[in-house]
Amino acid sequence: MKIRTFFARTKWSAFYCATVIPFCAAICVPLAAAQAASGNSQSRTTVNQGVNITKNADLHFGNFAAGTTLSRFRLEPETDALTQLSGNAVSLGGTRTAASFTAFGRPLERVRITVNQNQIDLTRVGGTQTMRVDQFRFDGGNGTRNRFLSASGSVNYKVGGRLTINPNQTGGAYVGTFNVTIEYQ
C-alpha cells in the first residue's frame, strides 16, 4: 500500500510538472517580452586643438634715473604710454612696450588670459638688488581677459603693469620673468 501511494503521488507530480509549468511559462514569457523595448543612441564629443601662444614682445619700461623716494610708474598696454604715479625718479625714455602675445587655436572659440603671478621681482644683472612689477593689466577696453579667436583662429593680447623703483636704486639692467596662460573658456 505504501508503494502505491508513493507511485500515485509521483505520477501526479510528473503530470503537474509536465502540463502546468510549461503552460504558466508560455503565458508569462509573452507578457515579459511585451514590456521590453530597445533603442539606439549616439555619443559625440569634440576635442579642440590646444591653444598655442607666441610671444611677440617683452614688457619694457624704458630707462630711469633713480630718485630719493619710492617711485611708481605704470605702462599702459593699449598705448605703451608710461605714466608716473608717485616719487621723484625720472624717466629717461628708451624702449617702452607692453608685452604682446598671440594665441592660436580653434576659430571662434572663447579664450581667457591670466598672468600666473600677482607680482614679480626684476633682479639686477650681476647683483641681488630688485625692483617690483605688479598690477598687470590687459588691453582691450577695461582689461578684457576673455576674447574670441578670429575666423582664422588667432587673437592678440597686450600686457602692461606697474614698476616700483626703490629710493636710490642701484644702477644697472634689471630682468625678470612672468608667465601667462591662455586657455579655452
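Residues numbered from 1 in each chain as written. Predicted model: local features only at pLDDT ≥ 70, side-chain atom pairs only at ≥ 80, totals over all residues. Heavy atoms only, no water.

(A) Quick look at the overall build of the protein chain. Along the protein chain, the regular secondary structure elements total one helix and 13 strands. Helices (α) and strands (β) of the protein chain occur, in sequence order from the N terminus, as α-β-β-β-β-β-β-β-β-β-β-β-β-β. Burial status across the protein chain gives 26% buried among its 185 residues. A fraction of 74% describes how many contacts in the protein chain between residues 6 or more apart in sequence connect residues 24 or more apart. Surface summary for the protein chain: the accessible area is close to 12100 Å², and the carbon and sulfur share equals 54%. (Helix = DSSP H or I, 4+ residues; strand = E, 2+ residues; numbered from the N terminus. Buried < 20%, exposed > 50% of the residue type's maximum accessible area, 1.4 Å probe, protein only. Contact = heavy atoms within 4.5 Å. Areas by Shrake-Rupley, 256 points an atom, 1.4 Å probe, with all protein chains shown as cover.)

(B) Broad picture of the packing of aromatic side chains. Applying the stated criterion across every chain, the model contains two aromatic pairs. Seen from their ring centres, Phe-64 and Phe-73 are 4.7 Å apart, and the 55° between their planes marks the pair as tilted. Using a relative accessible area of 21% as the deciding quantity, one classes Phe-64 as partly exposed. Arranged with centres 4.9 Å apart and planes meeting at 35°, the rings of Phe-136 and Phe-178 form a pair that is tilted. Of the two residues, Phe-136 sits in strand β9 (residues 130–138) while Phe-178 sits in the loop between β12 (174–175) and β13 (180–184), which places them 42 residues apart along the sequence. (Phe/Tyr/Trp six-rings, centres within 6.5 Å; stacked < 30°, edge-to-face > 60°.)

(C) Quick look at the sheet that holds strand β10 (residues 146–148). Read from one edge to the other, the open sheet built from three strands follows the order β10-β7-β13, with strand pairing classed as antiparallel. A single partner strand is all that each edge strand has here, and the edge strands are β10 and β13. For this sheet the average axis-to-axis angle between neighbouring strands, irrespective of direction, equals 30°. (Pairing = 2+ DSSP bridges. Axes fitted to C-alpha atoms, helices over the stretch in contact; angles between N-to-C directions.)

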